[in-house]
Amino acid sequence: EAGVAQSPRYKIIEKRQSVAFWCNPISGHATLYWYQQILGQGPKLLIQFQNNGVVDDSQLPKDRFSAERLKGVDSTLKIQPAKLEDSAVYLCASSLVAGSGTVTYEQYFGPGTRLTVT
Amino acid sequence: EDQVTQSPEALRLQEGESSSLNCSYTVSGLRGLFWYRQDPGKGPEFLFTLYSAGEEKEKERLKATLTKKESFLHITAPKPEDSATYLCAVQDPYNNNDMRFGAGTRLTVKP
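Rules used throughout
Residues numbered from 1 in each chain as written. Chains lettered and ligands numbered in written order. Predicted model: local features only at pLDDT ≥ 70, side-chain atom pairs only at ≥ 80, totals over all residues. Heavy atoms only, no water. Helix = DSSP H or I, 4+ residues; strand = E, 2+ residues; numbered from the N terminus. Buried < 20%, exposed > 50% of the residue type's maximum accessible area, 1.4 Å probe, protein only. Contact = heavy atoms within 4.5 Å. Areas by Shrake-Rupley, 256 points an atom, 1.4 Å probe, with all protein chains shown as cover. Pairing = 2+ DSSP bridges. Axes fitted to C-alpha atoms, helices over the stretch in contact; angles between N-to-C directions. Salt bridge = Lys/Arg side-chain N within 4 Å of Asp/Glu carboxyl O. Polar contact = N/O pair within 3.5 Å; in protein donor to acceptor, adjacent residues only side chain to side chain. Nonpolar A, V, L, I, M, F, W, Y, C, P; charged D, E, K, R; others polar. Disulfide = S-S within 2.5 Å.

Describe in detail the overall build of chain A, supporting the description with residues and values.
When you go through chain A residue by residue, the secondary structure sums to zero helices and eleven strands. Along chain A, from the amino end to the carboxyl end, the secondary structure elements read β-β-β-β-β-β-β-β-β-β-β. Its C-alpha atoms put chain A at 45 × 30 × 30 Å along the principal axes. Taken across its 118 residues, chain A has 45% of its residues classed as buried. In chain A, once contacts between residues fewer than 6 apart in sequence are set aside, the share between residues at least 24 apart is 55%. Surface summary for chain A: the accessible area is close to 5800 Å², and the carbon and sulfur share equals 52%.

Pulling in residues and values, what's your account of the sheet that holds strand E8 (residues 75-79) of chain A?
Residue and element names in this part refer to chain A. Taken together, four strands build an open sheet; the order of strands is E1-E3-E8-E7 and the sheet is antiparallel. The open sheet has two edge strands with one neighbour each: strand E1 (5-7) and strand E7 (65-68). Here the average twist between neighbouring strands, direction ignored, is 15°. Where E1 lies against strand E3 (residues 19-24), three bridges are found, and the strand directions are antiparallel. Each bridged residue has a counterpart across the sheet, and for Ala 5 the counterpart in E3 is Asn 24.

So what about the interface of chain B and chain A? Which residues, and what values?
With 22 residues of chain B at the contact, the number on the chain A side is 23 residues. Summed over the shared surface of chain B and chain A, the number is zero salt bridges. Across the chain B-chain A interface, the total number found is four residue pairs in polar contact (both at pLDDT 80 or more). Of all the secondary structure elements, the ones that give two or more residues to the side of chain B that touches chain A are strand E4 (32-38), strand E5 (45-50), strand E9 (84-92) and strand E10 (98-101) of chain B. Per element, the largest residue contribution to the side of chain B that touches chain A is four residues, and it comes from E10(B). Taken together, the residues that form the side of chain B that touches chain A break down as nine nonpolar, nine polar and four charged.

Explain the state of the cysteines to me, using residue names and the numbers behind them.
Enumeration over the complete set of coordinates arrives at two disulfides over all chains. One disulfide in the model links A:Cys23 with A:Cys92; its S-S distance is 1.9 Å. One quick way to see it: the torsion about the S-S bond of A:Cys23 and A:Cys92 is about -70°, and its sign makes the bridge left-handed. Pair noted here: A:Cys23 is in strand E3 and A:Cys92 is in strand E9 (residues 88-95), with a separation of 69 residues, a long-range link. On the accessibility criterion, A:Cys23 (0% relative accessible area) is buried. For A:Cys92, a relative accessible area of 0% translates into the label buried. The disulfide partner of B:Cys23 is B:Cys88, and the gap between their sulfur atoms is 1.9 Å.

A description of the sheet that holds strand E1 (residues 3-7) of chain B should follow, citing residues and the corresponding values.
Residues and elements named next belong to chain B. What the five strands build is an open sheet, ordered E1-E3-E8-E7-E6; its pairing is antiparallel. Of all strands in the sheet, those bounded by a partner on one side alone are E1 and strand E6 (56-59). The average angle at which neighbouring strand axes cross in this sheet is 15°, direction not considered. Looking at chain direction, E6 and strand E7 (residues 62-66) are connected through four bridges and run antiparallel. From the neighbouring strand, Lys 57 faces E7, where its bridge partner is Ala 64.

Following this line, the structure appears as structure tokens:
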């Protein structure tokens, strides 16, 4: 079974430029997540999609970050304009379905995109 | 706000020297506690899910246990290939089942 795919793997941009990341989840996984991981910290959730609808984007800096998941499969995360503090690894994860009731489902992560803003 | 705290931040072991990593959490109505392994330059890799106090799960040299306020990841007779960062996360049932991650424990096993 193919895992979560992400591209690019690395990106270097100057501040105030824009950048986009792409994610293809595991086939059949309804829920897709974008995380930001700053060096030395655990992943921080940015946005969660259930199929092509947003479930939670409360921690997404909406003045500069945007995300979409067209047709409930692939997703893109965009930053415009980038700031120095956006330097981090951006991780995409997917799961069969968001947990409900007493059942939960583990998340499977892609390799991440390392963004450096200079 | 719910907190997930992992200790120690870093741990250096000799090959074969068993030890434990700790994850303490404050969350109301725990739905699930997850352990992940993360190698440098890679995304986290799922290890275990624990749902209720008293539950234990094992995989090779790793055993995860859960109490009402903390979880332990026991590593028995570790090998150099067990070197990685181990992340703990809890699922928050009152906030869209969001995963809250700790900062991780960076484990180094010397041959």
